[in-house]
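Residues per chain are reported as follows:
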Amino acid sequence: MRPVHTALAVLVAAVWGFNFVVIEIGLGHFPPLLLSALRFLVAALPAVFFVGPPKVAWKWIVGVGVALGIAKFGLLFTGMDAGMPAGLSSLVLQVQAVFTAVLAAVVLRERPGRVRLLGMAVALSGIAVAAVDGGTSGPVLGFTLVVAAAACWGVSNVLTRKASPPDALNFMVWVCTVPVLPLFGLSLLLEGPERDLAALRALDWSGVGVIAYVAWVSTVFGFGAWGYLLRRYPASSVAPFSLLVPVFGMSSAALVLGEQVSGLRWAAAVLLVGGVALTSLAPARPTARTPAPAEARAGDRTEARTAAAAAVSAGSRPAAADASPGR
């Protein structure tokens with residue numbers, strides 16, 4: 001990669017890592033489900049009027065919108081609101097690569113090789129260490145909700161691969177339209193209209209800045225830049241930069257929010273990021289036959305589109321190439 005593009009990839013990882021700090025600040029202004037609804041509303045409008053009509057069947061848009069927008073981000077924001085630290089959230093969410101690999105093996109018949117199985121085991125050991133650390137520094141409920149969010153992200157990754165969108169930006173903008181009304185409805189039902197109205201009435205420039213960052217900087221800029229890189233380079237060259245996201249997430253949370261990074265958390269980070277690297281970057285074993293060269297090239301393009309689509313982030317980090325966002 002050219003130096004300028006390497007710098008852009010690092011910048012995107014930093015944007016997505018810092019996004020967890022912004023979410024933490026935003027939860028001081030809004031209830032979690034309302035914040036998530038506003039994020040998708042602002043990300044979708046007015047972009048939906050400029051990307052053209054959907055290029056895949058609505059069943060895939062709705063499926064990914066439910067799994068990624070409603071379930072994954074709803075659980076993530078709620079888990080962080082329940083006390084899950086921003087830095088630890090940025091790390092634990094990386095286990096989505098393991099969920100994706102397991103679901104791909106079951107649904108897509110992608111047989112994991114020995115390296116990938118080893119990576120899954122290492123990543124899960126990192127989650128175990130993070131759970132021990134979280135048990136001493138945060139609520140169990142918040143940790144559990146973030147792990148559940150990672151599982152939902154894995155579901156959305158597999159659905160995205162099945163959809164194989166020819167235009168990832170078009171696909172993700174339309175996906176962003178799906179969660180808006182359901183999240184507003186869930187917020188009214190579970191968080192209450194009084195709390196929502198109080199948050200909207202108290203809206204200040206800090207709250208506006210939070211929404212602008214998670215919607216435009218993290219989602220529109222981050223996703224657009226990531227997609228640009230994936231159009232110029234192989235997914236295997238771009239995807240490893242996503243492993244920097246929890247590094248930026250934990251570092252920025254420590255610097256801005258004053259979160260303590262314990263030795264256990266650093267150990268969990270090494271295990272989880274290393275395991276995710278092995279899980280995501282190791283090739284899957286062929287199932288029935290070796291594809292012809294033309295099919296292989298088509299598969300490479302699908303991998304790139306899938307990784308780009310999974311990279312919609314905001315509390316989300318993109319997965320590595322074949323683990324595919326949000327991030």
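Scroll up a little and you will see the structure.
Everything in this summary refers to the structure shown in the same document. Throughout, a residue's number is its position along its own chain's written sequence, starting from 1. With the structure being a predicted model, the display of local features is reserved for residues of pLDDT at least 70 and the display and counting of side-chain atom pairs for 80 or more, all residues being used for whole-chain, interface and lining totals. Note that water and hydrogens are dropped before the side-chain values are worked out from all heavy atoms of the structure.

1. Some details on the overall build of the chain
The condition that has to hold: Going along the chain from the N terminus, every DSSP run of H or I of four or more residues is numbered as a helix, and every run of E of two or more is numbered as a strand. Only the protein chains shown count as cover for residues, with accessible areas throughout obtained via the Shrake-Rupley method and a probe of 1.4 Å.
Helix and strand counts for the chain stand at 15 helices and zero strands. With an accessible surface of roughly 13100 Å², the chain has 71% of that area assigned to carbon and sulfur atoms.

2. Things to note about helix H8 (residues 168-177)
This is how the line gets drawn: Each residue is assigned to one of three classes by its accessible area relative to the maximum for its type, calculated with a 1.4 Å probe on protein chains only: buried under 20%, partly exposed between the two thresholds, exposed over 50%. N or O atoms closer than or at 3.5 Å make up a polar contact, with two conditions inside protein: a donor-capable atom paired with an acceptor-capable one, and, for residues adjacent in sequence, both atoms drawn from side chains.
Within H8, eight of the ten residues are buried, leaving the element largely enclosed by the surrounding structure. For H8, the full list of buried residues reads Ala168, Asn170, Phe171, Met172, Val173, Trp174, Val175 and Cys176. One side-chain oxygen of the residue at the start of H8 lies 3.2 Å from the amide nitrogen of leucine 169, identifying that residue as aspartate 167.

3. A short note on the nonpolar core
What counts, and what does not: In plain words, nonpolar cores are sets of buried Ala, Val, Leu, Ile, Met, Phe, Trp, Tyr and Cys residues tied together by side-chain atoms within 4.5 Å.
In terms of nonpolar packing, the biggest core is built from 73 residues, with Leu76, Leu91, Val92, Leu93 and Phe171 touching the most fellow members. With nine residues, the single largest contributor to this core is helix H3 (residues 58-81). Counting residues in hydrophobic clusters, the runner-up holds 13 residues, among them Leu8, Ala9, Val12 and Ala225.

4. Describing H3
Applicable threshold: Take the number of residues in a helix, subtract one, and multiply by 1.5 Å to get its expected span. A residue's bend is simply the angle between two axes: one fitted to the seven residues ending at it, one to the seven starting at it.
Taking 1.5 Å of rise per residue, the 24 residues of H3 would be expected to cover 34 Å, and the 32 Å separating its terminal C-alpha atoms lies within 8% of that figure. Bending of H3 peaks at approximately 30° at the position of glycine 65. Two residues or fewer past H3, glycine 83 is found with a positive phi of approximately 120°.

5. Let's talk about unusual backbone geometry
Backbone phi values are negative for most residues with the exception of glycine, while trans is the configuration of most peptide bonds. With an omega dihedral of 5°, the bond running from leucine 45 to proline 46 counts as a cis peptide bond. Turning to its location among the elements, proline 46 is positioned in the loop between helix H2 (32-44) and H3. With phi around 45°, serine 164 is a residue other than glycine that occupies positive phi space. Structurally, serine 164 is set in the loop between helix H7 (140-163) and H8.

6. Some points on the side chain of glutamate 191
What counts is decided by this rule: Counted as positive: Lys and Arg. Counted as negative: Asp and Glu, with His and the chain ends omitted from the count. Counted as salt bridges are all cases of a side-chain nitrogen of Lys or Arg within 4 Å of a carboxyl oxygen of Asp or Glu. The contact criterion used throughout is that any non-hydrogen atoms of two residues lie within 4.5 Å.
Topologically, glutamate 191 is positioned in helix H9 (residues 180-191). Despite being buried, glutamate 191 has no salt bridge partner; arginine 195 is the closest side chain of opposite charge, sitting 5.0 Å away. A distance of 2.8 Å separates a polar atom in the side chain of glutamate 191 from the backbone nitrogen of leucine 33. Of note is the side chain of glutamate 191, whose polar atom sits 3.4 Å from the backbone nitrogen of leucine 34. Apart from the residues within four sequence positions on either side, glutamate 191 is in contact with Pro31, Pro32, Leu33, Leu34, Leu186 and Asp196.

7. Notes on a nonpolar patch on the surface
For clarity, the threshold we go by: A patch is a set of surface residues, each over 30% in relative accessible area and not in a salt bridge, joined within 9 Å for like charges and within 5 Å for the nonpolar side chains Val, Leu, Ile, Met, Phe, Trp and Tyr.
Together, Ile25, Leu255, Val256 and Leu257 give the surface a local cluster of nonpolar side chains, amounting to about 360 Å² of exposed area. Within the element layout of this structure, isoleucine 25 appears in helix H1 (residues 3-26). A residue is classified by how much of its surface remains accessible, and isoleucine 25, at 35% relative accessible area, is partly exposed.

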